[in-house]
Amino acid sequence: MHRPTAAAFTAIIVVSATGAVIAQTDPIATRQSLMKENNNNAIAIVRMMRGLAPFDAAKIDAAFAQWADTAQKLPGLFPDTSKTGQKTRASSKIWLTKSDFDAKTAAFGKAVAENRNKAKSSLDGLRAAIPAVANACDACHKDYRLGRE
C-alpha cells in the first residue's frame, strides 16, 4: 500500500472504531442522533409530498437508507445502563417489554424495505409508500416514547 492510502485506510478504521465505542458508551446520545436524522428525513419527505420541495429520488433513497440503518441499530441501543441519565424520551416500558419493542422496530425496518423502491419511483409512489412507514414508526412511538415535557 502506498503511504497516503495506508494513512487514509487507518484513519477510516479509527473513525469507525471511535463511532462504535461512542455508541457503546453513550447509547442515549446515539439513539437521539438517529431519531434526529429520522425526523429530518421525514420533514424533507413530507415537504416533497406537499409540493413544497421538488421530488428527488436520491434524497428519498437516502432517507430510506437512514431509516433502515436506524431499524437495524435501534434494538442494541437500549442496554440496562441507559435506563436513566441524559434527558431521554424513552419509556421505561422498553425494558419491561423488550421483545415487543424489538418486534416493532423490526416491523418498521420491514415497512421501510418493502416501500423503498415504490417511494423513489414517483411522487404518487412516495405518497402511497409513506403511510406504511409512518404507521410502523408511530406504532413504536405510541408505546415507547414519552411526551415532551
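Just so it is clear, the structure is predicted and the values come from calculations on it, not from any experiment.

Criteria and cut-off values
Residues numbered from 1 in each chain as written. Predicted model: local features only at pLDDT ≥ 70, side-chain atom pairs only at ≥ 80, totals over all residues. Heavy atoms only, no water. Helix = DSSP H or I, 4+ residues; strand = E, 2+ residues; numbered from the N terminus. Buried < 20%, exposed > 50% of the residue type's maximum accessible area, 1.4 Å probe, protein only. Contact = heavy atoms within 4.5 Å. Expected span 1.5 Å × (residues − 1). Arc of directions from axis to C-beta. 1 Å grid on protein atoms, 1.4 Å probe; cavity = no way out; pocket = protein on both sides within 12 Å on 5 of 7 lines; lining within 4 Å. Points joined across faces, edges and corners; volume = space filled by probe spheres on them. Nonpolar A, V, L, I, M, F, W, Y, C, P; charged D, E, K, R; others polar. Axes fitted to C-alpha atoms, helices over the stretch in contact; angles between N-to-C directions. Parallel < 35°, antiparallel > 145°, perpendicular 65-115°, else oblique. Left-handed = near helix turned anticlockwise from the far one by under 90°. Bend = angle between axes of the 7 residues up to and from the residue.

**Q** In this structure, what is going on with the environment of Arg116? I would like to understand it.
**A** Note that Arg116 resides in helix α5 (residues 98-121). On the basis of relative accessibility, which here comes to 26%, the residue Arg116 falls in the partly exposed class. Spatially, the C-alpha atoms of Arg116 and Phe64 are 6.1 Å apart, while their sequence positions differ by 52 residues. Not counting the four nearest positions on each side in its chain, Arg116 is found in contact with Asp61, Phe64 and Ala65.

**Q** Looking at this structure, how should I read helix α3 (residues 57-73)?
**A** In an α-helix, one turn spans 3.6 residues; hence positions three or four apart end up facing the same way. Here α3 contains 17 residues, and its C-alpha end-to-end distance of 24 Å stays within 8% of the 24 Å for a straight helix at 1.5 Å per residue. Looking only at α3, the buried set comprises Ile60, Ala63, Phe64, Gln66, Trp67, Thr70 and Ala71. On an axial view of α3, the arc spanned by its buried residues comes to 160°, and they lie on one face. Exposed positions of α3 whose direction lies more than 90 degrees from the buried face are Ala58 and Gln72. At its buried positions, α3 is contacted by α2 (27-49), α5 and α6 (123-144).

**Q** I tried to follow the layout of surface pockets on my own but got confused; where do I start?
**A** Empty pockets left among the atoms are what a rolling probe the size of a water molecule brings to light. By volume, the largest pocket is sized at about 990 Å³. Lining of the largest pocket is provided by 34 residues; of these, Met35, Asn38, Asn39, His141 and Arg145 occupy positions nearest its centre. At the level of secondary structure, the elements contributing two or more residues to the lining of the largest pocket comprise α2, α3, α5 and α6. The leading source of residues in the lining of the largest pocket is α2, at eleven residues. Tallied by class, the residues present in the lining of the largest pocket amount to 19 nonpolar, eight polar and seven charged.

**Q** Would you take a moment to explain the side chain of Asn115 for this structure?
**A** Along the chain, the position of Asn115 falls in helix α5. Given the relative accessible area of 6%, Asn115 is considered buried. Ignoring anything within four residues of it in the chain, the contact list for Asn115 reads Phe64, Ala129, Ala132 and Val133.

**Q** What exactly am I supposed to notice about the packing of α3 against α5 here?
**A** When two helices pack together, their arrangement is given by the angle between the helix axes and the distance between those axes. For the pair α3 and α5, the least separation of the axes is 9 Å and the interaxial angle reads 165°. When the axis of α3 is compared with that of α5, the two are roughly antiparallel. As for how α3 packs across α5, the hand of that crossing is left-handed. For the pair α3 and α5, contact is made by Ala57, Ile60, Asp61, Phe64, Ala65, Trp67, Ala68 and Ala71 and by Thr105, Phe108, Gly109, Val112, Asn115, Arg116, Ala119 and Lys120, respectively. Broken down by class, the residue content of the contact of α3 with α5 amounts to ten nonpolar, three polar and three charged.

**Q** I would appreciate a short explanation of α6 in the present structure.
**A** The first and last C-alpha atoms of α6 sit 31 Å apart over 22 residues, in line with the 32 Å expected at 1.5 Å per residue. At Ala129, α6 is deflected by roughly 25°, the largest bend along its length, and proline Pro131 occurs up to four residues later in sequence. At its buried positions, α6 is contacted by α2, α3, α4 (93-96) and α5.

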